[in-house]
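A closer look at the structure
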Amino acid sequence: MNILKFGGTSVGSVDSISALIEILKPLQGEENPIVVLSAMGGVTNALLDMAENARNLRDYGDALKLVEEKHFKVIRTLLPAGAQNPVLTKLKIYFNELEDILQSVYNLRELSAQTKDLILSYGERCSTIMISHIAKQQFPNAVYVDGAELIKTDSNFGQAKVNTYMTEMLINDFYEANQDKLLFVTGFISSNDDGRVTTLGRGGSDYTAAIWGAALNASEIQIWTDVDGMLTADPRIVKKAFSLPELSYTEAMELSYFGAKVIYPPTMIPAFLKKIPIVIKNTFNTAFAGTYIKHGISPSNLPIKGISSIDEISVLNLSGSGMVGKAGFSGRLFSMLSREQVNVVLITQSSSEHSITFAVKPADSLKALSLINKEFELELQARKLEYPEVENGLSVVAIVGENMKRTPGMSGKLFSALGRNGVNVRAIAQGSSEYNISVIISKTDLSKAVNAIHDAFYADLKKTLHVFCLGTGNIGKTLFKQLQDQMPFLADNNDLQVKVMGVSNTRKMYLDPRGIDLNTWEEDLNNQDTKASLPDFIRRMKAMNLPNCVFVDNTASHNPVEFYLDILQSSISVVTCNKIGNSADYEQYAAFKQAARTYGVDFFYETNVGAGLPIIRTLKDLMLSGDKVACIEAILSGTISYIFNNYKDGVLFHEVVKEAQEKGYTEPDPRDDLNGKDFMRKMLILARDAGYALEEKDIELENMLPPSCMAAESVADFYKELKNNSAYFENLKKQATQDNKVLRYIGKLEGGKVSINLQMVDENHPFYTLSGSDNIISFTTNRYKDRPLVVKGPGAGAEVTAAGVFADIINVGKR
């Protein structure tokens, strides 16, 4: 025999009640199930509001009519006309009684706990009598049972304590006399020895089901709700939360205590004592097998079973020398709070005994503060204790699971996930059982924290990177195309999902908390009315407060660089192909690197030096592995590389430059490439990454062009001067050819000094065979002494640069 309890959403509408009846149909057998019902969804809150309105002399009549009509509508829809009158009459009697009670509250301006319980009891009474009559159409043996007559309690109205012996005796006697009936029992309500209605508190209908199940030694207790059992986290916060097939009683207790609202902790106690399984099922998805809460669960490979949270808590901290070594101080504090009905959610105490921090519900915070000030008045006046303060706007997050016990690294993984996402932990608590680690954090960080923890502990799920992109030029567009094409591969092979949450250019910006569709991003951006504002874009990105956040700068503008430090200090990683930030003052470069280390995020800029070539990463790996870099030589300009690779016999220098411009290798004014400034910035970044605190003025830059070419007033004049100086370049080429050498414009880092100049190299040099517009770099180190380590390939172009940015984004995800 099973107990089936249906919650408010499961009895809240015509459709849900119809689904309930369908669930009961196949269960008719030798032993009928017992059905425990809550009030219709929203009715209990409506009754509470009516009671408060009556006490405060406000209107409650309209709300009462709405609740009445809600029930009548269901009856008119689900019952044939001939069967409606008996139940409508009974309900009308109930609503008249309720109106009389509310009028009494209104007249007396007084609402006692006893009266409130009586008012609330009508929610379960009305729903249960209504559904029992509807069920009679399918099950003629359906019977309405007023649970208040069978569950006996003390007189602690609002949170009554059950007299287990008397209750079980009454339930057994009643069941023996009605075994052939299908019982529909009111949840939540009970009565004291005088027959006065009491209630069982929050989760009372679940508790009713557990009481009946324990009294009758049921096979299982089924809790039918509107979600697929117990999930790894609140699905409203974590979209990737998934259902758990089973939990131990301890795990379920811990998760429920810290906010998992599917089941209320006291509900489980009667079932726990009798070892009766509790099954959480979904009324609207009957194919789901349910989450089983029971003894002897199967071994699980999940590191934790779930993440639970309490949205709103307040924290009080009591500190002072008067606590140190004082036996019984904690007992005095918490006994006093217990006497005054202040529930303490979480406690943590420093090993020095100098302070105790505890959390309470916000509604109890001022009461707790007043009680402490009164209880410890002498100690506070004598300065043996500091006056406590209440800190509001906080939340509790807890990770729960039996596998946490004696498993190293659980705390490290938790705090790493929080720290990397900039979530500050205010207090920590862990019991010696190791089933639970709880942290107190700011409420504004709750969603980000729970998502970050979920990603950290459930490695089988895809980690989500939330990306905000600046710049929609060639590189930005190509990056989005690469992301779109590579999404399936990332999901299948890297367990990674990249979600673009925001995009901006100099004209418009577009941010969407649901993510931006990469199929239509350009059209969606153009359709936006929001003008581009970099400060506003960054403000909104920070306000979203998402975990695993990456800011991507695909521009060549100074403006975004000004925000890098603030972004990094907001625990958001930065990926940039914009070399302006790293090649400006060394102090700024160092500040970016330090901020990334301090706030546990990444600052990646591989494309600053060699587009998609792994130059920065290679240098970093060499240094991390303990190798010493003796010399770095490089050609880091695709334009200059193309010009000197194609400056051969029969071709004049100005003709090669013109050809490079026509092929799109140069800027509109080729001097912007040929002046070596861009090359110099790349060498400066390399030198800094190699450990040298250099400024731009420290680099020896030799100009390859005669002064008259650089001084030309226009591009046309520049080409004239270049042609006029053909003899200069022809002499260089002739000399190189005679010596079996080639011309190369090479940057060199050696002994902490950087120089860039035009050189002639022979066939023994790794740069001799360079062709096309390729970049090349050689690392001479202790390990690569005789034969340098060479990296070679395209060093410019939207495809390779976007690929480098893409790789940096993925590397953020790997961390």
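Residues numbered from 1 in each chain as written. Predicted model: local features only at pLDDT ≥ 70, side-chain atom pairs only at ≥ 80, totals over all residues. Heavy atoms only, no water.

What about the overall build of the chain?
The secondary structure content of the chain amounts to 30 helices and 28 strands. In summary, the chain has a C-alpha radius of gyration of 37 Å against a globular reference of 28 Å for 815 residues, an excess of more than 25%. Expressed as a percentage of the 815 residues in the chain, the buried residues total 52%. Of the contacts made within the chain by residues no fewer than 6 positions apart, 72% connect residues no fewer than 24 positions apart. (Helix = DSSP H or I, 4+ residues; strand = E, 2+ residues; numbered from the N terminus. Rg over C-alpha atoms; globule rule 2.2 N^0.38 Å. Buried < 20%, exposed > 50% of the residue type's maximum accessible area, 1.4 Å probe, protein only. Contact = heavy atoms within 4.5 Å.)

So, the sheet that holds strand β24 (residues 700-701)
Taken in spatial order, the six strands make up an open sheet running β24-β26-β25-β23-β27-β28, and their pairing is mixed. Either end of the sheet is taken by a strand with one partner, and the two such strands are β24 and β28 (789-794). Two strands pair when backbone bridges link them, and β24 and strand β26 (residues 753-761) are joined in this way by two bridges, in the parallel orientation. Across the sheet, the residue bridging to Leu701 is Ile756, located in β26. (Pairing = 2+ DSSP bridges.)

Here's the deal with the side chain of Asp553
Note on placement: Asp553 falls in strand β20 (residues 549-553). Among buried Asp, Glu, Lys and Arg side chains, Asp553 stands out as unpaired, with Lys579 the closest opposite charge at 11 Å. Of note is the side chain of Asp553, whose polar atom sits 2.6 Å from the side chain of Thr555. Within the structure, Asp553 has its side chain in polar contact with the side chain of Tyr564 (distance 2.5 Å). In contact with Asp553, not counting residues within four places along its chain, are Leu470, Pro560, Tyr564, Val575, Thr576, Cys577 and Asn578. (Lys, Arg positive; Asp, Glu negative; His and termini not counted. Salt bridge = Lys/Arg side-chain N within 4 Å of Asp/Glu carboxyl O. Polar contact = N/O pair within 3.5 Å; in protein donor to acceptor, adjacent residues only side chain to side chain.)

Observations regarding the pattern of salt bridges
Taken as a whole, this structure holds 33 salt bridges when the rule is applied. Asp206 is the salt-bridge partner of Lys5, the closest N and O atoms lying 2.8 Å from each other. Placement of the pair is Lys5 in strand β1 (residues 2-6) and Asp206 in helix α7 (residues 204-216), with a sequence separation of 201 residues. Asp206 shares its class with Lys5; the two are buried. In this structure, Glu750 and Lys748 form a salt bridge, with 3.3 Å as the shortest nitrogen-oxygen distance. Salt bridges sharing common partners tie together Glu52, Arg55 and Lys116.

Section: a nonpolar patch on the surface
On the surface, a nonpolar cluster with roughly 320 Å² of combined accessible area is contributed by Tyr165, Met166 and Met169. Looking at the element boundaries, Met166 is found in helix α6 (residues 164-177). (Patch = residues over 30% accessible without salt bridge, like charges linked within 9 Å, V, L, I, M, F, W, Y side chains within 5 Å. Areas by Shrake-Rupley, 256 points an atom, 1.4 Å probe, with all protein chains shown as cover.)

What about the state of the cysteines?
Inspection of the entire model under this criterion finds zero disulfides. The thiol sulfur of Cys469 is not disulfide-bonded, and the nearest other cysteine sulfur, from Cys577, lies at 10 Å. Taking relative accessible area as the criterion, Cys469 reaches 0% and is therefore assigned buried. (Disulfide = S-S within 2.5 Å.)

What about the pairing of strand β21 (residues 573-576)?
Here β21 shows two buried faces, one formed by Ser573 and Val575 and the other by Val574 and Thr576. In this fold, the crossover linking β20 to β21 by way of helix α18 (residues 564-569) has right-handed handedness. Direction of pairing for β21 relative to strand β22 (residues 603-604): parallel, over a ladder of two bridges. Considered in β22, the bridge of Val574 is made with Phe603. (Right-handed = clockwise from strand over helix to strand, strands pointing away.)

Some remarks on the environment of Ile310
Secondary-structure assignment places Ile310 in strand β11 (residues 306-319). A residue is classified by how much of its surface remains accessible, and Ile310, at 17% relative accessible area, is buried. Expressed as a C-alpha distance, the spacing of Ile310 and Lys5, which sit 305 residues apart in the sequence, is 25 Å.

Points about the side chain of Asp455
With respect to the helices, strands and loops of the structure, Asp455 is situated in helix α14 (residues 446-457). Those residues in contact with Asp455 that lie beyond four places of it in its chain are Lys240, Lys462, Lys463, Thr464 and Asn548.

Details of the pairing of strand β14 (residues 390-400)
Here eight bridges tie β11 to β14, and the two strands are oriented antiparallel to one another. Bridged to Gly306 within β14 is Val400.

Spatial relationships are all this shows, so hold off on functional conclusions.
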